[in-house]
Each structure stands twice: as C-alpha cells, then as structure tokens.
Amino acid sequence: MDQVPEGTYTIMFLTREQEKILAGEYGWARSKALEVIVKVGEALGAERLIEVEHAHVSGISYTNIGDAGLELVQDFYRGRAYARVYTTLNPGCVDLLSYSQIVDNRYRDKQLILNRYLEAMGFRPTYTCIPYLHRKPGPGEHLSWGESSAVIFANSLFGSRTNREGGPLALSSAITGYTYYYGLHLLENRVVEVSIAVEAKNKCYGALGLWIGYNVKSIPMIRGVSNDISGLKLMLAASAASGDHGLIVIEGVTPAKSYIVSDKVEKMYVEDRDLEEYIGVEPSENDKVLGYIGCPHLDPREFFELVDKIRSRGKSAKRDRDLLVSIPAVYSNLFIDEIHELKRYGVDVAVGTCPIVSKLREKYDYLVTNSGKAAFYMSRLHGLNTYIASIDRVLEIVFGG
Ligand code: F3S
C-alpha cells in the first residue's frame, strides 16, 4: 500500500496455524514472509489475514532491485521457500530471446540467476504484466498482486480483490498463501464517490487514464467509454501510474456485486480539451523517435492485429525512427515466426521485459506510443518528450504515411 494511515495500528488475530508459521515451526522462510505481512497489516489496522488464490510478484527486474534484491530471493530459496499458491512473475530487465537491439541486455546474467531462483521456488516464468493471460481471476477472488496495471485490471474488469502490493509483499504472499484483510479486499472500501462522464470524442485511452490519475482522488465510475478491452487496459494502466487508483468502476463492464455506490456522488466531465496536455505534441521530422507498443504487454489478439498492420504496410521504419514491441515471455516459443517477420521490417520485439524496467542502448528525443503509462514513465526515467496516439498513428510516424 502506498501510505500508512496514522493511528490505525492493531494487534492482528492469528489462527493457531498462523501462529505456528510465525513461530518458525515450518521453517525460516515462511516465518519471515508471514512476519512481513503481519507487520504491514498491523500497521495498516488489519484485524486478520485471508488466504489468496494467486500471487503476482512485481519488482523482479535486476536493474531495479540490484544485488540486494537478488540476495533476498536467494535467502528465501535457501530457507526452502516455495510457492504455496499459483504465482506469476512480472517482467525482468532482459529480452529473453536476446534479439532486441533497443533493450540493453547487459544485466542478462544477473537477471537469469534471479529468474532461476524464482522458478526453482515454483513461481511460473511468465515475465509479464498481464498475469490474467495465464490465469483469469474470478469475481470476489482474493489476490495478492504487485504491478499496478494488473491490480486495477483485476479489480475493475474481473471484480477480483487485491490491493496494490509492493514486490516484497506479493512475494511473501506467494510463500505463505496469505495477505492482510484490508483495503480493496473489503467491499465496504470499494465505494464509488465520483461519476465521470466521458464526453471527449477522441477516445485516446492512454491520455484519458492520465487525466483520471491526476484529477480524480477517489474511486470513480466511468460512463461513456466502450467495452473495448484493449482500450480499457490502456486507460486503467495510465490511471494507476499517474494516480494511486486500484479500482475504477466501468459502467456495464465491472461486475455489479464488486462495488457499492455512495449516497453522495460527485459529478465530473472530461472533454477533448482536457486531454490535450496529456496527449502531447507530435515529434518533428528531425527528432529521433522511439515508437513503442506493448505497455501493458500485448495479448495474442492484440499482437496478431499489430503484426497484420505492420505486414500490410510492407515497409521498414524510416531513418531515426525505431519501433519497439513488448510481449509476454510465453510468446518467445509460440510466435517465433512472427517475431522474425517483424524483425525484417526493422521492428524490435522484446520478450518478457519493457523499456521501463530495463535499460535502453540508444538515446531518443521522443517517445510515440499508445500507452499513457509508458509516456508517464519514459518522460520521467529517460527525459523523453512524449506523444500519445492510436496504434495506426504510431505506425504512420515510424514507417511514414
Ligand atoms: Fe508492463 Fe512495463 Fe508497462 S511492466 S505495464 S510494459 S511499464
């Protein structure tokens, strides 16, 4: 969770079994992991633990966690930790196929050591921020997920229940099967207090998500967007990046019993002019541009649609224009022909990573992307100017009209 409210500390009720785990009767690793969850839960005011069905562990990029993070994972492994629930892994910092000329694979050895420890503990080698590709969570199901874009998707699209966990908390849940019963796990905290009518004609979901993140501070209900899953995925990821949203109710999409509506609902509107500052300005011909699609990672339908679009253009990227596509690890085996085909058009496909959790080999002036989340982070991490556009416009800028 992002903040610890003041004055909420409690002593949590633990079952006899949970007390035995904490006392170390099942080994150091489970004891330590449960201690982390209990301490955070008590600081937040949680009264008990709950079992989770699925943990998704973020924060496993070696460039982000370094040797300290690697040592923590090694300690858990040596303490005989293993995944007690279905556990998926977020992207690491290397292109697992090593074909990418854009992603810098200099930490490949370290990342692969980290990956091997995690996999040896029974975590699934998914290396993606769309864990619902591998296991779709059910309505009301309790999860312990890191990765804000996945958390908000699970809560808003599936009606599942997870807080925005940090990597160590999700790791601890994987090892114990528990999380603290707090926040978005309780229906009483899933209360809509704002209604947003989307009146903008330009359905630029990435920019809309940024606008929500910056301008809306409580749980909103969104009206006036389509049920296009790809668009909603972009909107949710961007709002979770620019704000601290973990749930956005989408009219006609979010399962009815997964939220309640307050008696007092504030009304807001968003129009085209509100989105302009988040969309940004198109690059000039002289700018060195990175086009980027795949934040969050593409699902199979999205990937094949993109391949078709690039194939139908039949030409390679212009000078000073690169295109990066990031996809889940599972595709490295399944879609190898398509990955090679895209390479012939000068398109760089990075598997199991993304430019936000890795390093880039080259410097660019501009990022052109359909993703508000990518724009948000790439402007901060790499100092790039950003322009958010539809996939078709991104391709026009990279390949020429
Ligand atoms: Fe996924 Fe990287 Fe974007 S982890 S949501 S592609 S920042």
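Residues numbered from 1 in each chain as written. Predicted model: local features only at pLDDT ≥ 70, side-chain atom pairs only at ≥ 80, totals over all residues. Heavy atoms only, no water.

Draft legend 1. Up close: the overall build of the chain. Regarding its fold elements, the chain presents 14 helices and 16 strands. For the chain, the C-alpha radius of gyration of 21 Å lies close to 21 Å, the compact-globule estimate for 401 residues. Viewed in the frame of its principal axes, the chain has a C-alpha envelope of about 65 × 55 × 30 Å. Evaluated residue by residue, the chain yields a buried proportion of 60% over its 401 residues. Nonlocal contacts in the chain, meaning residues at least 24 apart in sequence, comprise 79% of its contacts between residues at least 6 apart. (Helix = DSSP H or I, 4+ residues; strand = E, 2+ residues; numbered from the N terminus. Rg over C-alpha atoms; globule rule 2.2 N^0.38 Å. Buried < 20%, exposed > 50% of the residue type's maximum accessible area, 1.4 Å probe, protein only. Contact = heavy atoms within 4.5 Å.)

Draft legend 2. Spatial organisation of the packing of helix α7 (residues 205-215) against helix α13 (residues 372-382). Contact pair α7 / α13: the axes reach a minimum separation of 7 Å and the direction vectors enclose 70 degrees. Between α7 and α13, the angle falls in the class roughly perpendicular. Here G206, L210 and Y214 of α7 come into contact with α13, specifically with G372, F376 and R380. A per-class count over the contact of α7 with α13 returns three nonpolar, two polar and one charged. (Axes fitted to C-alpha atoms, helices over the stretch in contact; angles between N-to-C directions. Parallel < 35°, antiparallel > 145°, perpendicular 65-115°, else oblique. Nonpolar A, V, L, I, M, F, W, Y, C, P; charged D, E, K, R; others polar.)

Draft legend 3. Local environment of the pattern of salt bridges. The final tally for this structure, using the stated rule, is 19 salt bridges. For D104, the salt bridge goes to R106, with nearest N and O atoms at 2.8 Å. Assessed through its relative accessible area of 12%, D104 is described here as buried. Residue E251 is joined to R223 by a salt bridge in which the shortest nitrogen-to-oxygen separation is 2.7 Å. Here E251, found in the loop between β9 (249-250) and β10 (260-270), pairs with R223, found in strand β8 (residues 220-223); they are 28 residues apart in sequence, far enough to count as distant. According to the relative accessible area criterion, E251 is partly exposed, its value standing at 42%. (Salt bridge = Lys/Arg side-chain N within 4 Å of Asp/Glu carboxyl O.)

Draft legend 4. Expanded view of unusual backbone geometry. In this structure, the amide linkage connecting C295 to the following residue, P296, adopts the cis form with an omega of -5 degrees. With respect to the helices and strands, P296 occurs in the loop between β11 (289-293) and α10 (300-313). Its identity is not glycine, yet R80 carries a phi of approximately 65 degrees, on the positive side. Here R80 is to be found in the loop between α3 (62-78) and β3 (86-89). Owing to a relative accessible area of 70%, R80 belongs among the exposed residues under this scheme.

Draft legend 5. Broad picture of the packing of α10 against helix α14 (residues 391-399). Running from amino to carboxyl end, α10 crosses α14 at an angle of 35 degrees, the nearest separation of the two axes being 11 Å. At the point where α10 passes α14, the crossing takes the right-handed sense. In contact with L306, K309, I310 and R313 of α10, α14 contributes I391, D392, L395, E396 and F399. Split by residue class, the contact of α10 with α14 holds five nonpolar, no polar and four charged. (Left-handed = near helix turned anticlockwise from the far one by under 90°.)

Draft legend 6. Structural detail: the site of the ligand. Surrounding the ligand, one finds P91, C129, E147, S149, Y292, G294, C295, P296, C354, I356 and K373. Taken together, the residues of the shell around the ligand sort by class into seven nonpolar, two polar and two charged. Both of domain 1 (16-187) and domain 3 (281-399) provide at least three residues apiece to the shell around the ligand. (Near = heavy atom within 4 Å. Domains from an automatic or database assignment.)

Draft legend 7. Highlighting the domain arrangement of the chain. Along its sequence, the chain is organised into domain 1 (16-187), domain 2 (190-278) and domain 3 (281-399). Contact with domain 1, which involves 30 residues of that partner, is made by 32 residues of domain 3. On the surface where domain 1 and domain 3 come into contact, there are one salt bridge. Here E147 ties to K373 by a salt bridge, and the two come within 2.8 Å at their closest N and O atoms. Elements supplying a minimum of two residues to the side of domain 1 that touches domain 3: α3, β4 (103-104) and α5 (148-157). Broken down by class, the residue content of the side of domain 1 that touches domain 3 amounts to 14 nonpolar, twelve polar and four charged.

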